[in-house]
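Working through the structure, step by step
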Amino acid sequence: MKLYKAIVATALAAASSIAVPVLGQAPAHAASGVGVIANLWSWNWNSVARECTEVLGPAGYGAVQVSPPHDSMTKGGTVWWDIYQPARYELTSKFGDEAAFRRMVAACNGAGVKVQVDAVINHMTGQGATSYGGYGFSKYNYPGLYSSQDFHQPTCQINQGDYRNDAWRVQNCELVSLSDLNTGSEYVRGKIADYLNKLTSLGVSGFRIDAAKHIHPGDLSAIKSRLVGSPYIHQEVIQGDQEAVQPSHYTGVGDVDEFVYGRKLREQFTGQIKNLRTFGESWGLSVPGDKAVVFVDNHDTERGGSTLTYKNGDTYKLANLFMLAWPFGTPQVYASYTWNNSEAGPPSANGGHATDVNCSNGQWTCFNRQVAGMVGFHNAVKGTGVANWTDNGNNLIAFSRGDKGWVAINNEGGSITRTFTTGLPAGTYPNVAGGGTVTVDSGGRATVTVPGKSAVAVHTGSTPQPGDKEATVYYRTGWATANIHYGINGTWTTAPGLPMETACAGWKKDHQPRQRHHPQGRIQQRLRNLGQQQRQRLHPRHRHLHRQGRRRDPQRRRPLRQLIPPPVPRRVWRGLPDEAAPATRGSDPVRRPTR
């Protein structure tokens, strides 16, 4: 019996440094509508929840797509494709139980990140007898859910020639021997709708419909009509030239995953990116931009060889940066685990259940973090057109997005220095695609060095992060004088600390240089002399500081986990250095303060 991964082969045969939001930079806000989607494929629910809170929300990601949460047949964690063979619709998957799923959805929604579920509704299993949740079943017999009359009868198998010649067989026969649900049945439609409605009742906002190409659009519309509310829908319909079933057939149901997009970007980023000046639907993309979910790769294509993948290093990153900068479709950033065997499942334990993601052990790509700064760029330039295109006739391109943003991408091996027209107001902007700043003169021009295999991107609404050795702390008080006591790498100021100056009425501030130290070190800061009278005068998000200020034993001093600037004066505040933020371990990004 063929494995589920054969779907990919069949369909496709027919067809540097981490940049994260920095303290002192204006918050990134998700664009209206869906926003940028982070596809955290094969991440367990605990890890998704943490990522939403610590990374996706602060970076401005609009949504997270999670792997199928249903109970599936199990191969003990040895393969990735067992999750695409549902055994029942209970939420007992290899990524966690229903309680963990609920917590994840709540955490993501609380961080401003909508949750989209990868929904497998075309079929059930093709093999196996036991699920991750301990449920017994056999092909065509799923006790309490489906029996043989709920599948297309008589059974038939999709042949390669059917893709061009017979749409009926593509949508009614079995895909690589997976039991094909009769989605024309009212009973089946009801069961599928019940499953999806349960998910939305838990706070899920949308669905990616797996193998939608193998379900008639009329059946999908009928199922959609039974859904409560208006969840966002995008559908997996892999485009193949001259095939009987095309992505355009599904735009009446919802958006469509645009597979041609990633193939075209691979061609250009392994060739000459100067050609991207006209990139869009005219290049043979399968659906218009307002109906397309675009991506450089996903779990199917990274194993099929048709697109760039994390294994392509900086070239892959640059293609993703271009996607986030270019005005076409709803962008999706893919992050999963590393692999050498294309069949292998994610790191697992306890009978194949996915382990927590660790972004510093080399087993997970965590690529969503590497382009987090560009998510803010995408949100800032939404609704603007491309202007001020520049290229060097080869592999350097630059363009602006109206007067909101400007980006330069160097796909060559060496650095290139040029004076560019950015279209931006005069000022100094942080490079959200890497490090450093860009200074734009009164004529909108900037002289920029773009390193080889790297990019520079700036946008309005951002300000440079604090200087290399500085930080500013604000404290609300009615006292005439106030001191700040802090330590760096165990070296503390002499108690009671340094006097703070007046920032504005009711606020004190202190601006001090910082010291460079080991990346895992932290600046520890402590406010002293915070008595009971002053405790209630703290800004509500600062009140935890008084407890730290009362600890006298240096060995018991705990690092400041997060300091939120006062609401005024916003234009003055430059933020804390990155060492002051929590969880700065390994490749984990800085957690930004939120207002």
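Everything below is about the structure shown above.
Residues numbered from 1 in each chain as written. Predicted model: local features only at pLDDT ≥ 70, side-chain atom pairs only at ≥ 80, totals over all residues. Heavy atoms only, no water.

**Examining helix α7 (residues 217-225)**
All buried positions along α7 are accounted for by Pro217, Asp219, Leu220, Ala222 and Ile223. On its buried face, α7 sits against α5 (167-172), α6 (186-201), β6 (206-209) and β7 (232-235). (Buried < 20%, exposed > 50% of the residue type's maximum accessible area, 1.4 Å probe, protein only. Helix = DSSP H or I, 4+ residues; strand = E, 2+ residues; numbered from the N terminus. Contact = heavy atoms within 4.5 Å.)

**Brief notes about the environment of glutamate 243**
Topologically, glutamate 243 is positioned in the loop between β7 and β8 (255-258). Spatially, the C-alpha atom of glutamate 243 lies 8.6 Å from that of aspartate 162, the residues being 81 residues apart in sequence.

**Brief notes about the pairing of strand β9 (residues 292-295)**
Residue alternation in β9 divides its side chains into two sets, Ala292 and Val294 and Val293 and Phe295, and both sets are buried. Bridge count between β8 and β9: 3 bridges; the pairing is parallel. Note on β9: the bridge partner recorded for glutamate 258 is valine 294. Where β9 and strand β10 (residues 330-335) come together, 3 bridges link them in parallel fashion. Of the residues in β10, the one forming a bridge with valine 294 is proline 331. Note that the unit made of β9, helix α9 (residues 314-325) and β10 has a crossover that is right-handed. (Pairing = 2+ DSSP bridges. Right-handed = clockwise from strand over helix to strand, strands pointing away.)

**Thoughts on the sheet that holds strand β15 (residues 405-410)**
The 4 strands lie next to each other as β13-β14-β15-β20, forming an open sheet whose pairing is antiparallel. Edge positions in the sheet fall to β13 (386-391) and β20 (454-459), since each of these pairs with one other strand and no more. The mean inter-strand angle of the sheet, taken between neighbouring strand axes irrespective of direction, is 10°. The pairing of β15 with β20 spans 6 bridges and is antiparallel. Paired with alanine 408 across the two strands is valine 456, which belongs to β20. Along the sheet, helix α11 (residues 372-380) contacts β14 (396-401), β15 and β20; its crossing angle with β20, the most-contacted strand, is approximately 45°. (Axes fitted to C-alpha atoms, helices over the stretch in contact; angles between N-to-C directions.)

**Section: the state of the cysteines**
Counted according to the given criterion, the structure contains 3 disulfides. With a sulfur-sulfur separation of 2.1 Å, cysteine 52 is cross-linked through a disulfide to cysteine 108. Taking the sign of the torsion about the S-S bond as the criterion, the disulfide between cysteine 52 and cysteine 108, at about 85°, is right-handed. Placement of the pair is cysteine 52 in helix α2 (residues 45-59) and cysteine 108 in helix α3 (residues 98-110), with a sequence separation of 56 residues. Each of the two residues, cysteine 52 as well as cysteine 108, counts as buried. Disulfide pairing is shown between cysteine 156 and cysteine 173; the S-S distance is 1.9 Å. Its torsion about the S-S bond being -95°, the disulfide of cysteine 156 and cysteine 173 is classed as left-handed. Of this pair, cysteine 156 sits in the loop between β5 (114-119) and α4 (162-165) while cysteine 173 sits in the loop between α5 and α6, and the two are 17 residues apart along the sequence. (Disulfide = S-S within 2.5 Å.)

**A short note on the pattern of salt bridges**
One pass over the structure, following the stated rule, counts 18 salt bridges. A salt bridge links lysine 198 to glutamate 98; its shortest N-O distance comes to 3.0 Å. With a gap of 100 residues between them, lysine 198 in helix α6 and glutamate 98 in helix α3 connect regions that are remote in the sequence. Judged by relative accessible area, which is 28%, lysine 198 ranks as partly exposed. (Salt bridge = Lys/Arg side-chain N within 4 Å of Asp/Glu carboxyl O.)

**Digging into the nonpolar core**
Within the largest apolar cluster, 124 residues are counted, with the highest numbers of intra-cluster contacts made by Val64, Phe101, Met104, Tyr146, Phe269, Leu276 and Phe322. The element best represented in this core is α9, accounting for 8 residues. The contacts of valine 64, once residues within four sequence positions are left out, are Ile37, Ala38, Leu40, Val48, Cys52, Leu56, Cys108, Val113, Lys114, Val115 and Gln116. Counting 15 residues, the second-largest nonpolar core is a separate cluster that includes Ile416, Val440, Val448 and Val458. (Core = buried A, V, L, I, M, F, W, Y, C linked by side-chain atoms within 4.5 Å.)

**Structural notes on the packing of aromatic side chains**
Here the structure, examined in full by the defined rule, presents 28 aromatic pairs. Ring plane angle 15° and centroid distance 4.6 Å describe the contact between tyrosine 89 and tyrosine 195, whose orientation is recorded as stacked. Taken together, the residues span a long stretch of sequence, with tyrosine 89 in the loop between β4 (86-88) and α3 and tyrosine 195 in helix α6 at a distance of 106 residues. With respect to burial, tyrosine 89 and tyrosine 195 carry one shared label: buried. Judged by centre distance (5.8 Å) and plane angle (20°), the rings of phenylalanine 137 and tyrosine 142 are stacked. A relative accessible area of 7% means that phenylalanine 137 is categorised as buried. On the accessibility criterion, tyrosine 142 (0% relative accessible area) is buried. Grouping aromatic residues by their ring pairs yields a cluster made of Tyr89, Tyr135, Phe137, Tyr140, Tyr142, Tyr146, Phe151, Tyr187 and Tyr195. (Phe/Tyr/Trp six-rings, centres within 6.5 Å; stacked < 30°, edge-to-face > 60°.)

**Section: the side chain of threonine 309**
If you trace the backbone, threonine 309 turns up in the loop between β9 and α9. Dropping the residues within four chain positions of it, threonine 309 is found in contact with Asp297, Glu302 and Tyr316.

**Quick look at unusual backbone geometry**
Apart from glycine, the bulk of residues carry a negative phi angle, and the bulk of peptide bonds sit in the trans form. Cis rather than trans, the peptide bond between glutamine 153 and proline 154 has omega equal to -10°. In this structure, proline 154 sits in the loop between β5 and α4. Non-glycine residue serine 42 carries a positive phi angle of around 70°. Within the element layout of this structure, serine 42 appears in the loop between β1 (37-40) and α2. Positioned with a positive phi, alanine 211 is a non-glycine residue whose angle comes to about 50°. As for its position among the elements, alanine 211 is in the loop between β6 and α7. Its relative accessible area of 3% is what places alanine 211 among the buried residues.

Nothing here speaks to function; it is all geometry.
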